[in-house]
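In case you want the letters, here they are:
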Amino acid sequence: MYKAYLLTVVLAFISLALFAQEATLQRIRIEQPMSVALQSRLRNEGIELLEFLGGNDYLARVVAEPSGRKVRSTLGEFLPFAAKEKIAPALLLEQREQVMVRLFPVANADLQQLRCDIENVGGVYVSYDALLGAVRCTVPSAHLLDLARLNEVLWVHPLPPQRKIQDKAGKLRSDVPLVQHEGNATGLDLTGRGVRIGIWDETIDPHPDLIDKVSIQERKLQSTGHGTHVTGIILGAGFLNEEARGMSPQARAWSYNFKFEESEPDEWDKMQEAYKKYHISLTNNSYGVAYEKDDCSDYEQMVYDLDAPFDLLAQRYPYLTHIFAAGNERNNASCHHKFNNGYGSSPSRGKNLIYVGAITADKRMTSFSSWGPMDDGRLIPTVVAHGARVLSTDQSAGYMRLSGTSMACPAVTGQLALVTEYYARLHNNATPRSDLLRALVANTAEDMEPQGPDYATGYGIVNAAKMVEALGKQQYVLGDFSAQGEQKEYKIYVPDGTARIRVMLVWNDAVSLRPHAWGEKALVNDLDLTVKNGEDTF
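Please read all numbers here as calculations on a predicted model, not as lab measurements. (Residues numbered from 1 in each chain as written. Predicted model: local features only at pLDDT ≥ 70, side-chain atom pairs only at ≥ 80, totals over all residues. Heavy atoms only, no water.)

### Re helix 5 (residues 111-120)
Quick reminder of the rule: Categorising residues by exposure relies on relative accessible area from a 1.4 Å probe, with only protein chains included: less than 20% of the type maximum marks a residue as buried, more than 50% marks it as exposed, and the intermediate range marks it as partly exposed. Helix and strand labels come from DSSP, where a helix needs a run of H or I of at least four residues and a strand needs a run of E of at least two; each type is numbered from the N terminus. Arc definition: it is the arc formed by the directions from the helix axis to the C-beta atoms. The contact criterion used throughout is that any non-hydrogen atoms of two residues lie within 4.5 Å. Here a polar contact means two N or O atoms within 3.5 Å. Within protein one must be a hydrogen donor candidate and the other an acceptor candidate, and residues neighboring in sequence count only if both atoms are side-chain atoms.
When we look at burial in helix 5, the residues that qualify are Leu114, Asp117 and Ile118. Around the axis of helix 5, the buried residues are gathered within 100° of arc, so they sit on the same side. Exposed positions of helix 5 whose direction lies more than 90 degrees from the buried face are Gln112 and Asn120. Elements in contact with the buried residues of helix 5: strand 5 (98-105), strand 6 (124-129), strand 7 (134-140), helix 6 (144-148) and strand 8 (153-158). By the N-cap criterion, in which a side-chain oxygen at the helix start approaches the backbone nitrogen of a residue two or three places on, helix 5 is capped by Asp110, the distance to Gln112 being 3.0 Å. Downstream of helix 5 by a residue or two, Gly122 has a phi angle that is positive, lying close to 90°.

Set out below in structure tokens:
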């Protein structure tokens, strides 16, 4: 007892001594593979890694003395890190006198002191975002660098642009009748029963098909019928027209408005609340950013930072899956000089999300659906679904046809509700992980021309029956990695006569909240997949 007490006292005094010394933010380049043991050695030397900067570089909080020299010589090389690097490039071009920013402090920063520092440079503290650990404030543009020079400030971002709705025979395109009970011998009677969905959109109107199915949480954003139409695609009853029946008519939904004013809470904060309070497992997001400038001068401002918070939410809550509309920007005349024959037209940038493009009822590409690649070359959309002249619920308690990736997105959400129901049936009411659903939706999709994944249709047309089949045959493996350089091996038994197999590796990637430049790589954990068959390696 006496020894334990002494140890506690000594450690407490050591910690106090470390924090009493001045700490600075520095860039450190570490050539050896990162591991828990290496991070522990760095901490023992007074170095705390805060952010991955790409390549072999990290941002670190460094205690000035006494052992900085030893770390420089044995574990890494310290390089200059300027205050300007903390600021998102778009903010450096800002011409307004006052600008609203999202400021990320270092961990365990004194928020009261930070508030005083913001006021000392002429700024105004507005609010705190608990999910991101970020402060929203206004600051004079002339003093952005002064703000960034503070040691407790990690990153400074602009607020994301206002998001907008993405509107411009769905069930048959995705083999939904095969998994519903519609007189088909292979029907599994999947209707979305027990599945809870969050819908972010305009305010939803009353409709006979939606009675007792939707709990409306917000009514601030005036309805144009968009949210009502989207909701009907997911879970409408089809009382007056069976063709308008939703994908998962027995699912339940909680509806919220997406952010439409700077003063409104961000969507990811509401999603976190809905996950904890109502236990939703899917979110439908038929909205997004768009190119607003007449000369498309905002094209290079569509960087990873816009969607990083949603990726962080997906990483933090691995049983919450997010489905987004890919956008309708391909025929945006103002940006044709930026696009490459329509390619590169999507402004979406997430990596732990499902993005949905739109095709017609006869499996042709629509004229509006945004195409990839993203600015750093990543694939978008993930999949496509019916999104042209889709029949669903309207404001007048009847039905109407609308087009857009807004309509394709809920088609996928509704099908994933069926898959979620089936997974729960197989696994004692458990919820599937989001990386599993992302793998299923991509790897079972019906490929379209050209063969293989492409920037127009992603992995192809979403197919509920194939996803359910893969679950039923347990054609997946769940795993995890704990260290850099770790390798795992799995054996796959392929039935005789199989002509082709599709193997996919999917994970929720780590998120860096540092400012990203246009074209800068967003991927943090770059995992490789190798398939061996005898002497052949793929």
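### Focus on the environment of Ser141
Tracing the backbone shows Ser141 in the loop between strand 7 and helix 6. With 48 residues separating them along the chain, Ser141 and Leu93 place their C-alpha atoms 9.4 Å apart. In this structure Ser141 touches Glu94, Arg96, Glu97, Gln98 and Val99, once residues within four positions along its chain are discounted. Engagement of the side chain of Ser141 in a polar contact is seen with the backbone oxygen of Arg96, the distance being 2.4 Å.

### Describing the pattern of salt bridges
Where we set the bar: By definition here, a salt bridge exists when the distance from a side-chain nitrogen of Lys or Arg to a carboxyl oxygen of Asp or Glu is within 4 Å.
Tallied over the full model, the rule gives 27 salt bridges. Its salt-bridge partner being Lys220, residue Glu264 comes within 3.7 Å of it at the nearest N-O pair. Highlighted residues: Glu264 in the loop between strand 12 (252-257) and helix 9 (267-278) and Lys220 in the loop between strand 11 (214-216) and helix 8 (226-235), separated in sequence by 44 residues. For Lys473, the salt bridge goes to Glu469, with nearest N and O atoms at 2.9 Å.

### Examining the packing of aromatic side chains
What counts here: Ring pairs shown here join Phe, Tyr and Trp side chains whose ring centres sit within 6.5 Å, with only the six-membered ring taken for Trp; geometry is labelled stacked below 30 degrees between planes, edge-to-face above 60, and tilted in between.
Going through the model one piece at a time under the given rule, you end up with 15 aromatic pairs. Relative to Phe310, the ring of Trp268 lies with its centre 5.1 Å away and its plane at 85°, an arrangement referred to as edge-to-face. Here the residue Trp268 occupies a position in helix 9, and Phe310 occupies one in helix 10 (residues 308-316), the gap between them amounting to 42 residues. A centroid spacing of 6.0 Å and a plane angle of 55° characterise the contact between Tyr299 and Phe339, whose relative ring orientation is tilted. Highlighted residues: Tyr299 in the loop between strand 14 (287-288) and helix 10 and Phe339 in the loop between strand 15 (321-325) and strand 16 (354-359), separated in sequence by 40 residues. For the pair formed by Tyr299 and Phe339, the shared burial category is buried. By the ring-pair criterion, three or more aromatic residues cluster together here, those being Phe258, Trp268, Tyr287, Phe310, Phe324 and Tyr355.

### Some words on the environment of Trp155
Among the structural elements, Trp155 can be located in strand 8. Once the C-alpha coordinates of Trp155 and Lys86 are considered, the two residues, 69 residues apart in sequence, prove to be 4.7 Å apart. Discounting chain neighbours no more than four positions away, the residues touching Trp155 are Glu51, Leu53, Leu59, Phe81, Glu85, Lys86, Arg102, Leu103, Phe104, Leu513, Arg514 and Pro515. In terms of polar contacts, Trp155 uses its side chain to reach the side chain of Glu51, at 3.4 Å.

### As for the pairing of strand 8
Put simply, the rule is: Two strands qualify as a pair provided that DSSP identifies no fewer than 2 bridges between them.
Summarising burial for strand 8: 5 of the 6 residues are buried, a large majority. As judged from the 5 bridges shared by strand 5 and strand 8, these two strands associate in the antiparallel manner. Across the sheet, residue Phe104 finds its bridge partner in strand 8, namely Trp155.

### Here's the deal with unusual backbone geometry
Glycine aside, negative phi is the norm for most residues, and most peptide bonds take the trans geometry. Of note, the amide linkage connecting Ile380 to Pro381 takes the cis form, showing an omega dihedral of 0°. Inspection of the secondary structure puts Pro381 in the loop between strand 16 and strand 17 (383-386). Notably, Asp212 is not glycine yet its phi reads approximately 65°, a positive angle. The residue Asp212 is located in the loop between strand 10 (196-201) and strand 11 in this model. For Asn428, which is not glycine, the phi dihedral falls at a positive 55°.

### Regarding the sheet that holds strand 3 (residues 57-63)
This is how it is decided: All axes here are fitted lines through C-alpha atoms, helices being fitted over the stretch that makes contact, and every angle between N-to-C directions spans 0 to 180 degrees.
If you walk across this open sheet you meet the 4 strands as 2-3-1-4, and the pairing is antiparallel. The sheet is open, and its two edges are formed by strand 2 (47-54) and strand 4 (77-79), each paired on a single side. Strand-to-strand twist of the sheet, defined as the mean angle between neighbouring strand axes without regard to direction, takes the value 40°.

### So, a nonpolar patch on the surface
What counts is decided by this rule: Each patch is assembled from residues with relative accessible area greater than 30% and no salt bridge, linking like charges that lie within 9 Å and nonpolar side chains (Val, Leu, Ile, Met, Phe, Trp, Tyr) that lie within 5 Å. The accessible surface values rely on the Shrake-Rupley method and a 1.4 Å probe; as for residues, cover is taken only from the protein chains in view.
Taken together, the side chains of Ile492, Val494, Ile501, Val503, Leu505 and Leu529 present a nonpolar region at the surface, about 460 Å² in accessible area. Within the fold, Val503 resides in the loop between helix 13 (464-472) and strand 20 (532-533).

### Observations concerning the sheet that holds strand 12
What holds strands together in a sheet is hydrogen bonding between their backbones, with the strands either parallel or antiparallel. Overall, parallel pairing links the 7 strands, which are arranged 11-12-10-13-15-16-17 in an open sheet. The outermost strands of the open sheet, each flanked by one partner alone, are strand 11 and strand 17. With strand direction ignored, the average angle separating the axes of adjacent strands in the sheet is 30°. Inspection of the sheet shows strand 10 paired to strand 13 (residues 282-285) by 4 bridges, in the parallel sense. For Trp200, the partnering residue across the bridge sits in strand 13 and is Asn285. Contacts from helix 8 reach strand 10, strand 11, strand 12 and strand 13, with the element oriented near 155° to strand 10.

### Comments concerning the packing of helix 11 (residues 405-426) against helix 13
Operational definition: Roughly parallel means an angle under 35 degrees; roughly antiparallel means over 145; roughly perpendicular covers 65 to 115; every other angle is labelled oblique. Should the near helix be turned anticlockwise from the far one by less than a right angle, the crossing is left-handed, and should it be turned clockwise, the crossing is right-handed. Note that Gly is not counted as nonpolar here; it falls among the polar residues with everything else outside the nonpolar set of Ala, Val, Leu, Ile, Met, Phe, Trp, Tyr, Cys and Pro and the charged set of Asp, Glu, Lys and Arg.
At a minimum axis distance of 10 Å, the contact between helix 11 and helix 13 shows a crossing angle of 20°. Comparing the axis directions of helix 11 and helix 13 gives the class roughly parallel. Here helix 11 and helix 13 pass one another in a crossing that is right-handed. For the pair helix 11 and helix 13, contact is made by Gln415, Leu416, Val419, Tyr422, Tyr423 and Leu426 and by Ala464, Met467, Val468, Leu471 and Gly472, respectively. In terms of residue class, the contact of helix 11 with helix 13 is made up of 9 nonpolar, 2 polar and no charged.

### Comments concerning the pairing of strand 1 (residues 23-29)
Sheet topology note: the strand 1/strand 3 ladder contains 7 bridges and is antiparallel. Across the sheet, residue Gln26 finds its bridge partner in strand 3, namely Ala60. Examined bridge by bridge, strand 1 and strand 4 share 3 bridges and lie antiparallel to one another. Following the sheet pairing, Ile28 is matched in strand 4 by Phe78.

### Side note on the confidence of the model for the chain
As a reminder of what qualifies: The score called pLDDT rates the predictor's confidence residue by residue, from a low of 0 to a high of 100.
Of all residues in the chain, 90% have pLDDT values of 70 or greater, and the mean over the chain is 88. Note on residues 181-185: pLDDT under 50 across the span, and 5 contacts to partners over four residues away in sequence or across chains.

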